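Residues per chain are reported as follows:
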Amino acid sequence: MTEIADKFVLYFQYPFVQYALIVGVLIALCSSLLGVTLVLKRFSFIGDGLSHVAFGAMAIAAAMNLTNNFLLVLPVTIICAILLLRTGQNAKIKGDAAIAMISVGTLAIGYLIMNVFSKSSNLAGDVCTTLFGSTSILTLTMTEVWLCVILSVLVIGVFLLFYHKIFAVTFDEDFSTATGVKAKVYNLILAVVIAVVIVLAMNLVGALLISALVIFPALSAMRVFKSFKAVTVCSLIVSVVCAALGLLISIIAGTPVGSTIVAVDIAGFFIFSMAGFITTKGLMRRG
Amino acid sequence: MPQLTCQNLTLGYEGKTVVSDLSFVVNTGDYLCIVGENGSGKSTLMRAILKLKTPTSGQIVPSDGLTPNDIGYLPQQTVIQKDFPASVREVVRSGCLNRCGLRPMYNRAEKQMAEDNMQKLGVAPLARRCYRELSGGQQQRILLARALCAAQKILLLDEPVAGLDPKATADMYELIAKLNKDGITIIMISHDVAASVKFASHILHIGRQSALFVGTKEDYLKSDAGRVYAGAGGEK
Ligand SMILES: Nc1ncnc2c1ncn2[C@@H]1O[C@H](COP(=O)(O)OP(=O)(O)O)[C@@H](O)[C@H]1O
Ligand SMILES: [Mg+2]
C-alpha cells in the first residue's frame, strides 16, 4: 500500500502528470456539461459522428503538414456540428442517418488520406492513437495546456450564461420559440460548443471513445437524480472523478489512457444504476 | 377589440393543402374553441398563429399591442418530455425565460411569478417533485402554469384534456374558464364538442379543407354543423 502511495507522490512531482490531470479534468468537466443535453435531445451519437469528422480533418492536416492542426480541425468540426444539428427536424435524411453517413464517410476518407499521403513508417500506430487516444496527453506542451484551459473556460462560461436557455430549449423547443425565445440561436451556440468539446476530448480519449466520455456520466446521473440541476451537477462530479481516477490508474498501471477512463465511467454507471434501482424500489415499498 | 386577425389563411405541407382560405377575428377576452375531426388541421392552424409554421398564403395580424411575449402555449405532449429529468419548479420557471433577454438568471419577480402561478393552479406542493413522475392531469396543470408565466394576454391550448380522466378533465375546464374570466383570451383545440359549447364564447369548426363554421356559440348551435356535431348534449 505504501508502495503505491510513494509512487503517487513521485509521479505528482512530474509536470507532465500535473498537466495531464489538469487537462483531463477540464475536458471531463466540459463534456459532462453537454452530455445531459445531448442525451436528452436524442443526439447521443452526434459526439461519435463529430469525432470522426475531426479524425478526417486531422488526417488532412497531417497530409498537408500543418504544424498546428487545431486551426483546420476546429473550424471543420464546428461547421459539421451546425449542419448536423440543423438537419434535426425537417430534413430529408433523418437525424441518425445523417450522423451515421457523415461519421462513416469521414472515417473512411480520413484513413484513405492517411494511407496515401502519410510519410510515417508506423501508419497503423498513428491511426490507432488517433482513434483510441494516445499517450499524447502525457506529452502536452505548455501551449496545448493553455489552449485547453482557455477553451474550457469559454465552454463553461457559455454554459453558465445560457444554462436556463439550454434547459428550456432542450425541454420544449416549440414552446420556447412560440413564446419569443430565440431557440435557433441557442441551438447554434450549442452546436459550436459541442464541436469545441469534441476536438478537445479527442486528445484525451481518442475519436472512438468520445461518446462514452459524453454519455456515461449523464446516464449515470439520470439513474438517481430527477431535476435538471441535480443531474447536471452530479454528472459533472461523476465525470471529473472518473477521469481523474482513470488517468491515475493508467499512469500507474501503464494501461491506455482513453480506455481506462471509459472503463471507470462504465463502472460508475453500474454503481449508479444499482443505486437508482434500490432507491426507486425503496420508494415503491413506502408507497 | 380585435387581438388576432386571420385573413384568407392557407396552410399546407409540401404542396398538400390542409387549411384553405380561412378568415376569422379573435377579440380580447374571447374564449374560442377550435373543433373538427382528427387531421383537419387544428394543430397546424395553432402552429401558424404561434409563427412555428409559415402560411402558404394569407396572414395573421396581431393587434391591440400583442407581441410574441404575450402569448402562452400549451402544446400537445411530445415524446421527449417523458423521460426528462426536471423538477416542477424548473419547468414552470422556464416560462419566464422570454422576459430574461440576455440576463443569465431569473430575477426575484420572475421567481415569485412562478410560485404564484403554481399556487394558482394548485401544483405548489409538487414544486420539488420530478415532472415526469406525475399524473397526466398534474403535468397539464404544470404546463399551464408555465404558459401563464410566459404570457398574461392570450393562451393557446392544444387539446389540454387529452388523456385525462373525467375528474381531471372537469377541473381543467373549470380552471381555463376561470382564467378567461380574469381577462385572458383563450384559444383552445378540443375534440369534445359538448364541453366546448358549454364553456366557449366562440366556435371555429374546421372541416376538410375549409371552415364549416366561424362565429359565436349561440349561432353555432343553430347552424347545420353545430346541430350535427353538438347534438342534444350541447344544448344545456
Ligand atoms: N409535419 C408534418 N408534415 C406533413 N404533414 C403533416 C405534418 N403535420 C401534420 N400534417 C398533416 O396535416 C394534417 C393536419 O394535421 P393536424 O394539424 O395535426 O390535425 P389535427 O390537429 O386537427 O388533428 C394531417 O393530415 C397531417 O397528416
Ligand atoms: Mg392536433
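Residues numbered from 1 in each chain as written. Chains lettered and ligands numbered in written order. Predicted model: local features only at pLDDT ≥ 70, side-chain atom pairs only at ≥ 80, totals over all residues. Heavy atoms only, no water.

## Considering the overall build of chain B
Link 1 in the chain: When its secondary structure is counted, chain B shows 8 helices and 9 strands.
Link 2 in the chain: Relative to the 2.2 N^0.38 estimate, which gives 18 Å for 236 residues, the radius of gyration of chain B is 18 Å and therefore close to what a compact globule would have.
Link 3 in the chain: Principal axes of the C-alpha set define a box for chain B whose edges measure 50 × 40 × 35 Å.
Link 4 in the chain: In chain B, which comprises 236 residues, the proportion classed as buried is 53%.
Link 5 in the chain: Here the contacts in chain B between residues at least 6 apart in sequence split such that 68% fall between residues at least 24 apart.
Link 6 in the chain: Here chain B has roughly 10500 Å² of accessible surface; of this, 53% comes from carbon and sulfur atoms.
Link 7 in the chain: Positive and negative side-chain charges of chain B, numbering 28 and 23 respectively, have mean locations separated by a distance of 6 Å. (Helix = DSSP H or I, 4+ residues; strand = E, 2+ residues; numbered from the N terminus. Rg over C-alpha atoms; globule rule 2.2 N^0.38 Å. Buried < 20%, exposed > 50% of the residue type's maximum accessible area, 1.4 Å probe, protein only. Contact = heavy atoms within 4.5 Å. Areas by Shrake-Rupley, 256 points an atom, 1.4 Å probe, with all protein chains shown as cover. Lys, Arg positive; Asp, Glu negative; His and termini not counted. Charge placed at Lys NZ, Arg CZ, Asp CG, Glu CD.)

## Examining the pairing of strand β5 (residues 71-74) of chain B
Residue and element names in this part refer to chain B.
Link 1 in the chain: Here β5 shows two buried faces, one formed by I71 and Y73 and the other by G72 and L74.
Link 2 in the chain: Two elements, β5 and strand β6 (residues 154-158), share 4 bridges in a ladder whose sense is parallel. By the bridge assignment, L74 is partnered in β6 with L157. (Pairing = 2+ DSSP bridges.)

## Observations regarding the interface of chain B and chain A
Link 1 in the chain: Taken together, the contacts link 37 residues of chain B with 29 residues of chain A.
Link 2 in the chain: Between chain B and chain A, the buried area comes to about 2800 Å², and carbon and sulfur atoms account for 64% of it.
Link 3 in the chain: Per-residue buried area on chain B facing chain A is highest for B:F84, B:P85 and B:L97; these three make up 22% of the total on that side.
Link 4 in the chain: Joining chain B to chain A, the criterion identifies 3 salt bridges.
Link 5 in the chain: Here B:R47 and A:D174 are joined by a salt bridge, their closest N and O atoms 2.8 Å apart.
Link 6 in the chain: Elements that contribute at least two residues to the side of chain B that touches chain A include exactly β5, α2 (88-93) and α4 (136-150) of chain B.
Link 7 in the chain: Counting residues per element, the side of chain B that touches chain A draws most heavily on α4(B), at 4 residues.
Link 8 in the chain: Its residues assigned to classes, the side of chain B that touches chain A comprises 22 nonpolar, 8 polar and 7 charged. (Buried area = accessible area lost by both parts, 1.4 Å probe. Salt bridge = Lys/Arg side-chain N within 4 Å of Asp/Glu carboxyl O. Nonpolar A, V, L, I, M, F, W, Y, C, P; charged D, E, K, R; others polar.)

## A short note on the pairing of β6(B)
Residues and elements named next belong to chain B.
Link 1 in the chain: Counted residue by residue, β6 has 5 buried out of 5 residues, so it is predominantly covered.
Link 2 in the chain: Here β6 shows two buried faces, one formed by I154, L156 and D158 and the other by L155 and L157.
Link 3 in the chain: Pairing between β6 and strand β7 (residues 185-189): 5 bridges, direction parallel. The residue of β7 that forms the bridge with D158 is I189.

## Re the packing of aromatic side chains
Link 1 in the chain: Considering all chains together, one arrives at 13 aromatic pairs over all chains under this definition.
Link 2 in the chain: Aromatic side chains A:F269 and A:F270 sit 6.1 Å apart centroid to centroid with 65 degrees between the ring planes, which places their arrangement in the edge-to-face category.
Link 3 in the chain: Residue A:F269 is classed as buried on the basis of its relative accessible area of 17%.
Link 4 in the chain: Ring centres of B:Y173 and B:F199 lie 5.4 Å apart, and the angle between their planes is 25 degrees; on these two criteria the pair is classed as stacked. With B:Y173 in helix α5 (residues 166-181) and B:F199 in helix α6 (residues 193-199), this residue pair connects regions lying 26 residues apart in the sequence.
Link 5 in the chain: One aromatic cluster is present, built from ring pairs that chain together A:F159, A:Y163, A:F167, A:F171, A:F228, B:F84 and B:Y131.
Link 6 in the chain: Stacked on the ring of B:Y13, the Lys or Arg B:K53 has its end atom at 4.5 Å from the ring centre.
Link 7 in the chain: A cation over an aromatic ring shows up here: B:R146 above the ring of A:F175, its NZ or CZ 3.7 Å from the ring centre. (Phe/Tyr/Trp six-rings, centres within 6.5 Å; stacked < 30°, edge-to-face > 60°. Lys NZ or Arg CZ within 6 Å of the ring centre and 35° of its normal.)

By themselves these figures say nothing about function.
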